Every structure is written in C-alpha cells, then in structure tokens.
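Here are the chains, one letter per residue:
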Number of protein chains: 2
Amino acid sequence: MEIIRIPRIMREISRELRAKGKSIGFVPTMGALHEGHLSLIKRAKEENDFTVVSIFVNPTQFAQGEDYDRYPRDVESDKEKLQKIEIDYLFLPDVESLYPQGYSTYVTVEGLSDKLCGKFRPGHFRGVATIVCKLFNIIKPAKAYFGQKDYQQSLIIRRMVEDLNFDIEIIVCPTIREQDGLAMSSRNLYLNEEERKAATVIYKALQEGEKLLKQGAQPVDVNLNMMEILKNEPLVKEIQYAGVFDPLTLEEVKEKQKKYLLAIALKIAETRLIDNLLVEV
Amino acid sequence: MEIIRIPRIMREISRELRAKGKSIGFVPTMGALHEGHLSLIKRAKEENDFTVVSIFVNPTQFAQGEDYDRYPRDVESDKEKLQKIEIDYLFLPDVESLYPQGYSTYVTVEGLSDKLCGKFRPGHFRGVATIVCKLFNIIKPAKAYFGQKDYQQSLIIRRMVEDLNFDIEIIVCPTIREQDGLAMSSRNLYLNEEERKAATVIYKALQEGEKLLKQGAQPVDVNLNMMEILKNEPLVKEIQYAGVFDPLTLEEVKEKQKKYLLAIALKIAETRLIDNLLVEV
C-alpha cells in the first residue's frame, strides 16, 4: 500500500493507471474505519484493477458548532486495517492541500440537499458534493463506493454524477450492522455504554416500520408507531425526523406506494445518529 | 469533421482518445463563430492531437429578461467555418440532453462571480461554471481555450479548474478586434450601422486608459478620463462599469500598482458590450 499525500501526485498516478487501461475503484472515507467501510473496500477490490481509499475529514461538510474538531481520527489504526485488506493506494491529503487559501468553488445539488438531514445540517451536502467532485477529479475512478447508511448522500452523489456528466459508476452497498442491529458509524465511538444500548431503538423503530408497511399499514400510522417507539427511550433527546419518505424525492409519503424509504435522525444524549431502510411492498 | 449530438457518445469518444494517449484541445463556444473563436481553434489545433469545438447556447448563464431567445444562432454557417478550418469533432448537444428534467447541480465560484459583470448578470457565472464543468467531464480535454475578451470568465474558469482539481490546462488567447478596434463578439450582430460606429468608443476609452496608466496617472484620474470619453458618445445608454481594476481580485484599484485590468461594460442602445485590456506598467 502506497500512501499519497499530495493531490497533484495522486492525480498523476491515477492518470497513468487510466492511460494503461486499468480501472480504479475508489472508496472515499473520513477515517475511523469500521466494518462498513471495509465492506465497501472489499467490493471495490473485487470489481477493479486498482483500489484507492481516501481518508479526509472534510471541513466544508461540517456546520459551525458540529463535531469537526472532535470527529474521531485514528490514522495509525486505519492504516493497519488498510494494509491488512491490501489496498493499492491510501490518499491522505491535508486540509491545506485541498482547500488552499483563496479556495472558492462549491458544488450544490439543489432540492435533495435541503431535505431530511439537509434541514438540520445547513451546507452539509454542499460540502459533501464539493469534496466528492474534487476527489473524483483527482482519483478518476471507474467506480466509487458509498454506504447505504448515508442514503441521502448517495442519492445526492448519484444526481451530481449524472448532472455533471462524470464518467463514474456509483455503487451503493448495504448498511453493515452490529449484532444488535445498530448501523456501524464512526460516530458510535461517541456513545457511552448506556447510550450505546439506547441507540438500538433506532433499528427497532425501522424494523417495526418495515413490518407495518409490509402488512399494508398507512404511512401516517407507520410514522406514529415509529415515533412512539423512539419516544419511549429516555436517552433519545431530539428526533429530527423519523418516518416514511419517498426514496427518490425524499419527500414525506402520505399515500401508499410501492417503494418507501424509512429514515431516522435523532440524538442520543449529544450524539447525532442516522439510519434507514428501503422497503418494497 | 464528425458531428456528435449525444453527450454519452461524445464522452465515449473522448475516453477512447485519452486511452490511446491522444491529447484533446477543446474550444467551448455558443456559436455565431467569428475570427475570435477561429483564433482559439487554430491554437487548439496546433497544440493537440485532436480538436473538439462545442456549440451550445447555454440557457443557465442567461438571466431572466436577457437575450437567450434572440442570441444569434447560425449553425449551418458555423459548420462551414469549422469544416474549412478542419476540426475533428463538433459537439452539438441540445438543451434537453445537457439539462434533462430534474437537473439540479450547479457549480459556483464565490467572490469573483459577484464582481464586474456578475453585479449586473445575476447567476451568469454560476451558469458558465456549471456548463464548463459539464463540458470538461464530457470532452476530457488536456487543454481548453478561452478568449481574453471575456476576462472575468477566464479568471473564474481558472479558479474552478484549480479548486475542483481538474487535470486541464486553461489557455487564454488575445482578444481579436475589427480594424477599428471593436472587440469581436457574436453580439456585435445586434448593432445597426450607427450603433456599430458608436461602439468603437469602448476601445478608444480603453486605449486612453492604457496611455494614461503608462504615463503614471493615478487610477482615479484614469477612471474619470475613461468615463468622460464614454459619456461623450450619445448612443452609450448605460455604463455598468468602466475603469481600473485588479486583474486577480477584480476589485477597483485605488493606488498605483504594477498590473491593471482596464474593463468596460455598457449598453449601446439595447446591446450590452464588454471589453478589457491588461496593462503592465
């Protein structure tokens, strides 16, 4: 595994690989790697000649007052995991090299970026679209891999790739869960033992929602049921959204339809967690 | 010369050329080709293995009430000119193929886009940055050519290319002028005989500004002199800006410095015209 820190050098390596007809599979991450990330990387390794993983905690996707400063960073442990899984390149740029003084270009995906998490994290998806656009130009992947846990993000990236005519296939891989159902997330590291236990309520509510939808319940009743479950957990501090949404528009669903997105964002004590399920009835 | 209308096909052709190690020189245009465009194309032909010219009147860079509908379109005459100069590919997409229903991604270069023309054409440079980003992803050029007449545009494109890590060299070519000094522009076609004559005042004012700066005049005095010249032409209807600016920040220049941008935007009757000169003292 080669570690590359300079965007220009990474771009040259990618250019040479592409010129030789080699396909690059790319997994962008913010580090603190868990089994969710590793599942994306395994898939990238299977489907491409070369695999590039980036680790970059992207400041532009954190709003003022969010957890940018305390976001978990453990590059040494991440490197070990990536060595073991045998990737080709780890792209590890610093902030100054990706956002030098005078930086001023941003990519916005309108509409989708204002829904769900976008309502509570102003500028978040602008930061995501911008950094992914930059990384795509540097890495030039044939395929890029994202986790379904960040469903809205994957939808926005797909939209950006189509709109800006990127020659890249976006592959969304299933959410990897702990044994008790909690979706893997770097932010789970913030939870103490009690909070960690309380966090399982999220997947329980999603599962209940799925069961009800499959039984033919009305979306509005599903919303009420999920909310009820979440509110019964005392450590749930702030339910930002929870319920049945349209998987393409992210709008709330009022009438029955064929496909649903069940999605939840809430705080367990101070930690913001999200999760979702796609349901087809 | 091959004419390509479908973005996906153009992208595949470009991908194959790049994979074969061929360099692509790209000249994006809105058609109504004049000697200014042709000078860019000649340069692209000299410096690259293949030359792609696009003709696309980009709706997202026209504000409400601007001249999108009546912008000069003469594709047959343009094709003849391109045949004659022997380019390899003419990319001629329709609006629906570049902005299909549901399109929602935009690229913004903050700061620079709000100065000079940006003050009078809200959203203009967002539209420019967006379409150029799209065309770059479709054409994958090694080098792209822009005219200095649209100086602010070239500055914004350079900034976008650097910020978004595009692997593309931006080349800005000198403004081509009519014998009487008027900068070539597709919009000159809007002018009647009398207006066409009046329009020469723009270059006259720029030349006077250059002369004064080289004589060591204060920028504020240069501004006054240029304004005086423009105001003496009765067909000049609206001076949007005219004077001495910084070539990198586009801010008004108050003190003497080494390099200046002299720039003018005004209306002759109903036709908005722009021009500029870079001056080094």
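Refer to the structure above for everything that follows.
A quick note: this is a predicted structure, and the numbers were derived from the prediction, not measured.

> Pulling in residues and values, what's your account of the relation of the copies chain B and chain A?
For the pair chain B and chain A, the superposition axis carries a translation of 0.0 Å, the fit reaches an RMSD of 0.0 Å, and the rotation angle comes to 180°. Given the turn and translation reported, the copies of this chain are related as if by a two-fold rotation axis. Most of the interface of chain B is mirrored in chain A: 100% of its interface residues are interface residues there too.

> Could you give an account of empty space enclosed by the protein, with specific residues and numbers?
Residues and elements named next belong to chain A. Going through the model one piece at a time under the given rule, you end up with two cavities of 30 Å³ or more. Here the largest cavity defines a volume of roughly 840 Å³. Along the wall of the largest cavity there are 48 residues; nearest its centre are Met 30, His 37, Lys 149, Asp 150 and Gln 153. For the lining of the largest cavity, the elements supplying multiple residues, two or more each, are β2 (24-29), α2 (35-47), α6 (124-139), β6 (143-147), α7 (151-163), β9 (259-268) and β10 (271-280). Among the elements that take part in the lining of the largest cavity, α6 stands out by supplying six residues, more than any other. Residue classes in the lining of the largest cavity are distributed as 24 nonpolar, 18 polar and six charged. Inspection of the lining of the largest cavity shows a minimum of three residues originating in each of domain 1 (2-173) and domain 2 (186-276). Its volume calculated, the second largest cavity comes out at about 40 Å³. In terms of lining, the second largest cavity is formed by Leu 182, Ala 183, Asn 188, Ile 202, Leu 273, Ile 274 and Asp 275. The leading source of residues in the lining of the second largest cavity is β10, at three residues.

> Please set out the nonpolar core residue by residue, giving values where relevant.
For soluble globular proteins, nonpolar side chains are generally found buried alongside one another. Counting 96 residues, the largest nonpolar core has A:Met10, A:Phe136, A:Met160, B:Met10, B:Phe136 and B:Met160 as its most contacted members. The residues touching A:Met160, leaving out its near neighbours within four places in the chain, are A:Val107, A:Val109, A:Ala129, A:Val132, A:Cys133, A:Phe136, A:Asn165, A:Phe166 and B:Thr105. Core analysis: the next-biggest nonpolar cluster, separate from the first, contains 27 residues, B:Leu182, B:Leu191, B:Ala205 and B:Ala242 among them.

Cut-offs and rules
Residues numbered from 1 in each chain as written. Chains lettered and ligands numbered in written order. Predicted model: local features only at pLDDT ≥ 70, side-chain atom pairs only at ≥ 80, totals over all residues. Heavy atoms only, no water. Least-squares fit on C-alpha atoms with pLDDT ≥ 70 in both. Contact = heavy atoms within 4.5 Å. 1 Å grid on protein atoms, 1.4 Å probe; cavity = no way out; pocket = protein on both sides within 12 Å on 5 of 7 lines; lining within 4 Å. Points joined across faces, edges and corners; volume = space filled by probe spheres on them. Helix = DSSP H or I, 4+ residues; strand = E, 2+ residues; numbered from the N terminus. Nonpolar A, V, L, I, M, F, W, Y, C, P; charged D, E, K, R; others polar. Domains from an automatic or database assignment. Core = buried A, V, L, I, M, F, W, Y, C linked by side-chain atoms within 4.5 Å. Buried < 20%, exposed > 50% of the residue type's maximum accessible area, 1.4 Å probe, protein only.

Read these as layout, nothing more, since geometry by itself doesn't imply function.
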